[in-house]
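What follows is the residue order along each chain.
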Amino acid sequence: MRILVTGGTGFTGSHLTRRLLAAGHEVRVVDNQKGIFYEELSGLGADITIGSVADAALMDRLVEGCDAVQHAAAAFRKVNLPQSVYYDVNVNGTRYLLEAALKHGVQKFVYCSTCGVHGDVKNPPAAEDAPIEPEDYYQLTKYQGEEVVHEYLAKGLDACIIRPTAIYGPGDPERFLMLFRRVKTGRFYMFGPGTAHYHPVYIDNLVDAMVLAMETPASRGQTYLIADETSYPIARLVMEIGKVLNKNVSIIHLPFWPLWTAAFICESIYRFLPTEPPLFRRRADWFRQYRSFDISKARRELGYAPRVGLKEGLKKTAEWYLANGYL
(Lines give C-alpha, C1' and ligand atoms only; values in the text may rest on other atoms or scores of the structure.)
Protein backbone atom coordinates (compact mmCIF):
# COMPACT_ATOMS: atom_id res chain seq x y z
CA MET A 1 0.00 0.00 0.00
CA ARG A 2 0.90 3.65 -0.20
CA ILE A 3 0.62 5.04 3.33
CA LEU A 4 0.93 8.58 4.67
CA VAL A 5 2.50 8.84 8.14
CA THR A 6 2.11 12.21 9.82
CA GLY A 7 4.73 13.09 12.41
CA GLY A 8 6.83 10.50 10.63
CA THR A 9 10.29 11.79 11.55
CA GLY A 10 9.47 11.91 15.27
CA PHE A 11 9.85 9.17 17.85
CA THR A 12 6.65 7.21 17.26
CA GLY A 13 6.31 8.07 13.59
CA SER A 14 9.86 7.03 12.72
CA HIS A 15 9.40 3.58 14.25
CA LEU A 16 6.13 3.14 12.38
CA THR A 17 7.72 4.32 9.13
CA ARG A 18 10.56 1.79 9.45
CA ARG A 19 8.09 -1.01 10.08
CA LEU A 20 5.93 -0.10 7.09
CA LEU A 21 8.92 0.22 4.77
CA ALA A 22 10.26 -3.15 5.94
CA ALA A 23 6.88 -4.68 5.13
CA GLY A 24 7.17 -3.45 1.55
CA HIS A 25 4.80 -0.49 1.69
CA GLU A 26 5.44 2.83 -0.03
CA VAL A 27 5.56 5.46 2.71
CA ARG A 28 5.00 9.18 2.49
CA VAL A 29 6.00 11.14 5.58
CA VAL A 30 5.06 14.63 6.65
CA ASP A 31 6.54 16.36 9.68
CA ASN A 32 7.09 19.97 10.67
CA GLN A 33 10.81 19.34 11.26
CA LYS A 34 13.49 16.98 10.02
CA GLY A 35 14.31 15.54 13.42
CA ILE A 36 17.18 13.15 14.15
CA PHE A 37 15.87 10.36 11.92
CA TYR A 38 15.43 12.30 8.66
CA GLU A 39 18.55 11.05 6.89
CA GLU A 40 18.02 7.45 8.00
CA LEU A 41 14.41 7.35 6.86
CA SER A 42 15.23 9.02 3.55
CA GLY A 43 17.90 6.42 2.98
CA LEU A 44 15.39 3.66 3.64
CA GLY A 45 13.11 5.04 0.93
CA ALA A 46 10.60 7.23 2.77
CA ASP A 47 9.29 10.17 0.73
CA ILE A 48 9.55 12.98 3.30
CA THR A 49 7.88 16.38 3.14
CA ILE A 50 8.59 19.05 5.74
CA GLY A 51 5.37 20.88 6.52
CA SER A 52 2.47 21.19 8.92
CA VAL A 53 -0.71 19.15 9.09
CA ALA A 54 -2.39 22.53 9.65
CA ASP A 55 -1.72 23.28 5.95
CA ALA A 56 -4.94 22.08 4.30
CA ALA A 57 -3.67 22.30 0.73
CA LEU A 58 -0.53 20.34 1.55
CA MET A 59 -2.53 17.62 3.31
CA ASP A 60 -4.82 17.31 0.31
CA ARG A 61 -1.82 16.85 -1.98
CA LEU A 62 -0.08 14.31 0.25
CA VAL A 63 -3.19 12.21 0.94
CA GLU A 64 -4.08 11.94 -2.76
CA GLY A 65 -3.12 8.51 -4.03
CA CYS A 66 -2.71 6.99 -0.56
CA ASP A 67 -4.43 3.81 0.56
CA ALA A 68 -4.11 4.56 4.27
CA VAL A 69 -3.26 7.38 6.65
CA GLN A 70 -1.52 6.92 10.01
CA HIS A 71 -2.03 10.23 11.81
CA ALA A 72 0.55 10.47 14.62
CA ALA A 73 1.47 14.17 14.38
CA ALA A 74 0.47 16.45 17.24
CA ALA A 75 1.32 19.67 18.98
CA PHE A 76 2.70 18.17 22.17
CA ARG A 77 2.90 19.51 25.71
CA LYS A 78 4.87 22.74 25.69
CA VAL A 79 3.79 24.99 28.53
CA ASN A 80 4.21 28.28 26.70
CA LEU A 81 2.77 27.13 23.36
CA PRO A 82 -0.34 29.19 22.51
CA GLN A 83 -3.64 27.32 22.70
CA SER A 84 -4.32 28.37 19.11
CA VAL A 85 -1.37 26.24 17.95
CA TYR A 86 -2.71 23.17 19.76
CA TYR A 87 -6.11 23.66 18.17
CA ASP A 88 -4.71 24.31 14.69
CA VAL A 89 -2.58 21.17 14.71
CA ASN A 90 -4.56 18.72 16.82
CA VAL A 91 -8.08 19.62 15.70
CA ASN A 92 -7.93 21.54 12.43
CA GLY A 93 -5.01 19.47 11.14
CA THR A 94 -6.93 16.28 11.88
CA ARG A 95 -9.96 17.68 10.04
CA TYR A 96 -7.88 18.58 6.97
CA LEU A 97 -6.46 15.06 6.83
CA LEU A 98 -9.88 13.43 7.28
CA GLU A 99 -11.44 15.64 4.61
CA ALA A 100 -8.65 14.74 2.19
CA ALA A 101 -8.96 11.05 3.08
CA LEU A 102 -12.70 11.10 2.38
CA LYS A 103 -12.21 13.04 -0.85
CA HIS A 104 -9.51 10.74 -2.21
CA GLY A 105 -11.02 7.42 -1.18
CA VAL A 106 -8.52 6.40 1.50
CA GLN A 107 -9.23 2.85 2.67
CA LYS A 108 -8.22 3.32 6.33
CA PHE A 109 -7.50 6.22 8.65
CA VAL A 110 -5.84 5.56 12.02
CA TYR A 111 -5.88 8.45 14.49
CA CYS A 112 -3.34 8.34 17.31
CA SER A 113 -4.89 10.01 20.34
CA THR A 114 -3.75 9.58 23.96
CA CYS A 115 -4.80 7.79 27.14
CA GLY A 116 -4.53 11.24 28.72
CA VAL A 117 -8.08 12.01 27.59
CA HIS A 118 -9.15 9.95 30.64
CA GLY A 119 -7.20 12.16 33.05
CA ASP A 120 -6.37 10.82 36.49
CA VAL A 121 -7.86 7.31 36.62
CA LYS A 122 -10.22 7.02 39.59
CA ASN A 123 -11.24 3.37 39.10
CA PRO A 124 -8.30 1.47 37.65
CA PRO A 125 -7.79 -0.16 35.30
CA ALA A 126 -9.68 2.18 32.96
CA ALA A 127 -11.24 0.86 29.76
CA GLU A 128 -12.24 2.83 26.67
CA ASP A 129 -15.59 3.78 28.23
CA ALA A 130 -14.00 5.38 31.31
CA PRO A 131 -14.88 9.04 31.92
CA ILE A 132 -13.31 11.58 29.57
CA GLU A 133 -11.57 14.08 31.84
CA PRO A 134 -8.67 15.82 30.03
CA GLU A 135 -6.53 17.85 32.40
CA ASP A 136 -4.65 20.11 30.00
CA TYR A 137 -5.19 21.71 26.62
CA TYR A 138 -3.12 19.08 24.83
CA GLN A 139 -5.37 16.30 26.12
CA LEU A 140 -8.48 18.35 25.38
CA THR A 141 -7.53 18.99 21.77
CA LYS A 142 -6.58 15.35 21.24
CA TYR A 143 -10.07 14.38 22.35
CA GLN A 144 -11.58 17.07 20.13
CA GLY A 145 -9.63 15.43 17.31
CA GLU A 146 -11.37 12.16 18.21
CA GLU A 147 -14.72 13.92 17.89
CA VAL A 148 -13.77 15.06 14.38
CA VAL A 149 -12.90 11.45 13.49
CA HIS A 150 -16.42 10.44 14.47
CA GLU A 151 -17.84 13.16 12.20
CA TYR A 152 -16.08 11.57 9.23
CA LEU A 153 -17.03 8.07 10.24
CA ALA A 154 -20.62 9.26 9.90
CA LYS A 155 -19.76 10.44 6.38
CA GLY A 156 -18.56 6.96 5.41
CA LEU A 157 -14.81 7.06 6.06
CA ASP A 158 -13.26 3.89 7.50
CA ALA A 159 -11.38 5.17 10.55
CA CYS A 160 -10.40 4.12 14.05
CA ILE A 161 -8.78 5.66 17.12
CA ILE A 162 -5.98 4.39 19.33
CA ARG A 163 -5.10 5.82 22.74
CA PRO A 164 -1.49 4.94 23.65
CA THR A 165 -0.24 5.12 27.20
CA ALA A 166 3.27 6.40 28.06
CA ILE A 167 5.38 5.55 25.01
CA TYR A 168 9.06 4.71 25.49
CA GLY A 169 11.89 2.96 23.72
CA PRO A 170 15.01 3.56 21.61
CA GLY A 171 14.82 6.94 19.95
CA ASP A 172 12.83 8.58 22.74
CA PRO A 173 14.74 11.80 23.48
CA GLU A 174 12.46 13.11 26.23
CA ARG A 175 9.96 11.13 28.29
CA PHE A 176 11.99 8.37 29.87
CA LEU A 177 15.36 10.07 29.42
CA MET A 178 14.76 12.27 32.46
CA LEU A 179 13.98 9.20 34.57
CA PHE A 180 17.10 7.41 33.36
CA ARG A 181 19.29 10.42 34.09
CA ARG A 182 17.93 10.82 37.60
CA VAL A 183 18.31 7.13 38.38
CA LYS A 184 21.87 7.12 37.04
CA THR A 185 22.87 9.56 39.81
CA GLY A 186 22.04 6.87 42.34
CA ARG A 187 19.53 9.09 44.16
CA PHE A 188 15.92 9.59 43.17
CA TYR A 189 13.77 12.21 44.88
CA MET A 190 10.26 10.82 45.16
CA PHE A 191 7.63 13.43 45.92
CA GLY A 192 4.95 11.47 47.71
CA PRO A 193 4.81 7.74 48.49
CA GLY A 194 5.61 6.52 44.95
CA THR A 195 2.53 4.31 44.85
CA ALA A 196 0.76 6.00 41.94
CA HIS A 197 0.71 3.73 38.90
CA TYR A 198 2.28 4.53 35.53
CA HIS A 199 1.40 2.48 32.46
CA PRO A 200 4.11 2.31 29.80
CA VAL A 201 3.89 1.02 26.26
CA TYR A 202 7.08 -0.04 24.52
CA ILE A 203 7.36 1.50 21.07
CA ASP A 204 7.40 -1.83 19.19
CA ASN A 205 4.23 -2.89 20.98
CA LEU A 206 2.54 0.36 19.99
CA VAL A 207 3.61 -0.02 16.35
CA ASP A 208 2.18 -3.56 16.38
CA ALA A 209 -1.15 -2.06 17.44
CA MET A 210 -1.04 0.73 14.85
CA VAL A 211 -0.47 -1.79 12.06
CA LEU A 212 -3.17 -4.12 13.39
CA ALA A 213 -5.64 -1.24 13.60
CA MET A 214 -4.89 -0.39 9.96
CA GLU A 215 -5.20 -3.97 8.72
CA THR A 216 -8.20 -5.19 10.76
CA PRO A 217 -11.58 -4.50 9.11
CA ALA A 218 -13.40 -4.85 12.46
CA SER A 219 -11.56 -1.80 13.81
CA ARG A 220 -13.80 0.52 11.82
CA GLY A 221 -15.38 3.07 14.15
CA GLN A 222 -13.64 1.66 17.21
CA THR A 223 -11.38 3.15 19.89
CA TYR A 224 -8.59 1.16 21.54
CA LEU A 225 -6.40 1.75 24.57
CA ILE A 226 -2.90 0.48 23.79
CA ALA A 227 -0.46 -0.34 26.58
CA ASP A 228 1.91 -2.98 27.86
CA GLU A 229 0.63 -5.88 29.94
CA THR A 230 0.41 -3.98 33.20
CA SER A 231 0.97 -0.69 34.97
CA TYR A 232 3.58 -0.24 37.68
CA PRO A 233 3.95 1.82 40.85
CA ILE A 234 6.36 4.60 39.95
CA ALA A 235 8.73 3.50 42.72
CA ARG A 236 8.92 0.07 41.05
CA LEU A 237 9.61 1.68 37.69
CA VAL A 238 12.50 3.65 39.20
CA MET A 239 14.02 0.48 40.67
CA GLU A 240 13.68 -1.41 37.38
CA ILE A 241 15.54 1.37 35.56
CA GLY A 242 18.24 1.11 38.23
CA LYS A 243 18.62 -2.58 37.45
CA VAL A 244 19.21 -2.08 33.72
CA LEU A 245 21.74 0.66 34.49
CA ASN A 246 23.46 -1.54 37.11
CA LYS A 247 22.90 1.26 39.61
CA ASN A 248 21.87 0.90 43.23
CA VAL A 249 19.38 3.72 43.55
CA SER A 250 18.29 5.26 46.82
CA ILE A 251 14.74 6.66 46.79
CA ILE A 252 14.40 9.74 48.97
CA HIS A 253 10.80 10.57 49.83
CA LEU A 254 9.68 14.21 50.06
CA PRO A 255 6.21 15.78 50.40
CA PHE A 256 4.35 16.33 47.14
CA TRP A 257 2.46 19.60 47.57
CA PRO A 258 5.47 21.92 48.01
CA LEU A 259 6.69 20.61 44.64
CA TRP A 260 3.32 21.27 43.00
CA THR A 261 3.21 24.80 44.43
CA ALA A 262 6.72 25.51 43.16
CA ALA A 263 5.71 24.16 39.76
CA PHE A 264 2.70 26.44 39.62
CA ILE A 265 4.81 29.49 40.46
CA CYS A 266 7.51 28.51 37.96
CA GLU A 267 4.95 27.92 35.23
CA SER A 268 3.35 31.33 35.88
CA ILE A 269 6.69 33.13 35.67
CA TYR A 270 7.69 31.43 32.40
CA ARG A 271 4.30 31.77 30.72
CA PHE A 272 5.32 34.80 28.71
CA LEU A 273 8.94 33.80 28.14
CA PRO A 274 10.22 32.05 25.00
CA THR A 275 11.73 29.11 26.89
CA GLU A 276 10.16 26.15 28.65
CA PRO A 277 10.09 26.32 32.46
CA PRO A 278 12.34 23.82 34.23
CA LEU A 279 9.38 22.74 36.37
CA PHE A 280 5.64 22.72 35.68
CA ARG A 281 2.47 21.18 37.09
CA ARG A 282 2.17 18.35 34.57
CA ARG A 283 5.66 17.18 35.47
CA ALA A 284 4.84 17.39 39.18
CA ASP A 285 1.57 15.52 38.68
CA TRP A 286 3.51 12.48 37.46
CA PHE A 287 4.18 11.68 41.11
CA ARG A 288 0.51 11.49 42.08
CA GLN A 289 -1.73 10.77 39.08
CA TYR A 290 -2.88 7.19 38.56
CA ARG A 291 -2.45 5.68 35.10
CA SER A 292 -3.61 2.09 34.70
CA PHE A 293 -5.55 0.79 31.71
CA ASP A 294 -7.38 -2.27 30.43
CA ILE A 295 -6.22 -3.51 26.99
CA SER A 296 -8.65 -6.41 26.70
CA LYS A 297 -10.63 -4.77 23.89
CA ALA A 298 -7.50 -4.43 21.72
CA ARG A 299 -6.60 -8.03 22.53
CA ARG A 300 -10.05 -9.28 21.60
CA GLU A 301 -10.73 -7.26 18.45
CA LEU A 302 -7.25 -6.60 17.04
CA GLY A 303 -5.36 -9.62 18.26
CA TYR A 304 -3.01 -7.23 20.04
CA ALA A 305 -0.51 -8.87 22.40
CA PRO A 306 2.42 -6.88 23.83
CA ARG A 307 5.56 -8.75 22.80
CA VAL A 308 8.16 -6.74 24.70
CA GLY A 309 8.02 -6.66 28.49
CA LEU A 310 9.28 -3.94 30.83
CA LYS A 311 12.72 -5.39 31.57
CA GLU A 312 13.55 -6.01 27.92
CA GLY A 313 12.13 -2.64 26.87
CA LEU A 314 14.08 -0.72 29.50
CA LYS A 315 17.27 -2.58 28.58
CA LYS A 316 16.92 -1.72 24.89
CA THR A 317 16.12 1.89 25.75
CA ALA A 318 19.14 2.18 28.02
CA GLU A 319 21.39 0.72 25.34
CA TRP A 320 20.18 3.31 22.83
CA TYR A 321 20.67 6.18 25.28
CA LEU A 322 24.19 5.03 26.06
CA ALA A 323 25.14 4.39 22.42
CA ASN A 324 23.91 7.84 21.35
CA GLY A 325 25.47 9.84 24.18
CA TYR A 326 22.30 10.67 26.10
CA LEU A 327 23.54 9.08 29.33
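From a predicted model like this one, the values you see are computed outputs, not experimental measurements. Note that residues are indexed from 1 along each chain, following the sequence as it is written. It should be noted that, the model being predicted, local features are given only for residues of pLDDT at least 70 and side-chain atom pairs only at 80 or more, the latter also being counted only at that level, while totals for whole chains, interfaces and linings use all residues. In computing side-chain properties, one takes all heavy atoms of the structure into account and sets aside hydrogens as well as water.

Engineer: Explain the nonpolar core to me, please; I cannot follow it from the model alone.
Structural biologist: The tendency in soluble globular proteins is for nonpolar side chains to be buried side by side. Buried Ala, Val, Leu, Ile, Met, Phe, Trp, Tyr and Cys residues form a nonpolar core when they are joined through side-chain atoms within 4.5 Å. Each residue's exposure class comes from its accessible area (1.4 Å probe, protein chains only) as a fraction of the maximum for that residue type: buried when under 20%, exposed when over 50%, partly exposed otherwise. Formed by 66 residues in total, the largest nonpolar core has its most connected members in Ile162, Phe176, Phe188, Ile226 and Phe287. We count a stretch as a helix when DSSP gives it H or I for four or more residues in a row; a strand needs E for two or more, and each element gets its number in order from the N terminus. With eight residues, helix α7 (residues 203-215) is the largest single contributor of residues to this core. Discounting residues that sit within four places of it in the chain, Phe287 has contacts with Arg182, Phe188, Tyr189, Met190, Phe191, Ala196, Ile234, Phe256 and Leu259. If you look at the next biggest cluster of nonpolar residues, it comprises 29 residues, including Leu4, Leu62, Val89 and Phe109. Contacts are assigned to residue pairs that have any heavy atoms within 4.5 Å of one another.

Engineer: Please clarify how helix α5 (residues 137-154) should be interpreted in this entry.
Structural biologist: An α-helix turns once per 3.6 residues; consequently, residues spaced three or four apart project the same way. Given a helix with a known number of residues, its expected span is that number minus one, times 1.5 Å. Its 18 residues give α5 an end-to-end C-alpha distance of 26 Å, which sits within 8% of 26 Å, the value for a rise of 1.5 Å per residue. Turning to α5, its buried residues are Tyr138, Gln139, Thr141, Lys142, Gly145, Glu146, Val148, Val149, Tyr152 and Leu153. Check the buried side of α5 and you find it contacts α4 (83-103), β5 (108-112) and β6 (159-164). Polar contacts, as used here, are pairs of N or O atoms within 3.5 Å; protein pairs need one atom able to donate a hydrogen and one able to accept it. Residues neighboring in sequence count only if both atoms are side-chain atoms. The opening residue of α5 is Asp136, an N-cap whose side-chain oxygen sits 3.2 Å from the backbone nitrogen of Tyr138. Gly156, located one to two residues past α5, shows a positive phi value of around 110°.

Engineer: Please clarify how the packing of aromatic side chains should be interpreted in this entry.
Structural biologist: Any pair of aromatic rings gets described here by the distance separating the centres and the angle formed by the planes. Working definition: rings of Phe, Tyr and Trp (its six-membered ring) pair if their centres are within 6.5 Å, and the pair is stacked with planes under 30 degrees apart, edge-to-face with planes over 60 apart, and tilted otherwise. On inspection of all chains with the given rule, the structure shows 15 aromatic pairs. Taken together, a centroid distance of 5.4 Å and an interplanar angle of 70° make the contact between Tyr168 and Tyr202 edge-to-face. Here Tyr168, found in strand β7 (residues 166-168), pairs with Tyr202, found in strand β10 (residues 200-202); they are 34 residues apart in sequence, far enough to count as distant. For Tyr202, a relative accessible area of 2% puts it in the buried group. Ring pairing ties together the aromatic residues Tyr168, Phe176, Phe191, Tyr198, Tyr202, Trp286 and Phe287, which thus form one cluster. Directly above the ring of Tyr152 sits Lys155, whose terminal nitrogen or CZ lies 4.2 Å from the centroid. The rule for a charge over a ring is simple: NZ of Lys or CZ of Arg within 6 Å of the ring centre, and within 35 degrees of the ring normal. Over the aromatic face of Tyr224 sits the side chain of Lys297, whose NZ or CZ is 5.2 Å from the ring centroid.

Engineer: Mind showing me how you'd approach the side chain of Thr6 here?
Structural biologist: Tracing the backbone shows Thr6 in strand β1 (residues 2-6). Under the relative-accessibility criterion, Thr6 is labelled buried at 0%. Residue contacts for Thr6: discarding those within four places in its chain leaves Val30, Val53, Gln70, His71, Ala72, Ala73 and Leu97.

Engineer: It is not clear to me how the pattern of salt bridges should be interpreted in this structure. Could you clarify?
Structural biologist: Pairing of side chains with opposite charge becomes possible as their charged atoms draw close. Whenever a carboxyl oxygen of Asp or Glu lies within 4 Å of a side-chain nitrogen of Lys or Arg, that contact is scored as a salt bridge. Using the criterion set out here, one finds 16 salt bridges in the structure. A salt bridge links Arg288 to Asp285, with the shortest nitrogen-to-oxygen separation between them at 2.9 Å. Taken together, the salt bridges that share partners define one network made up of Arg19, Asp208 and Arg307.

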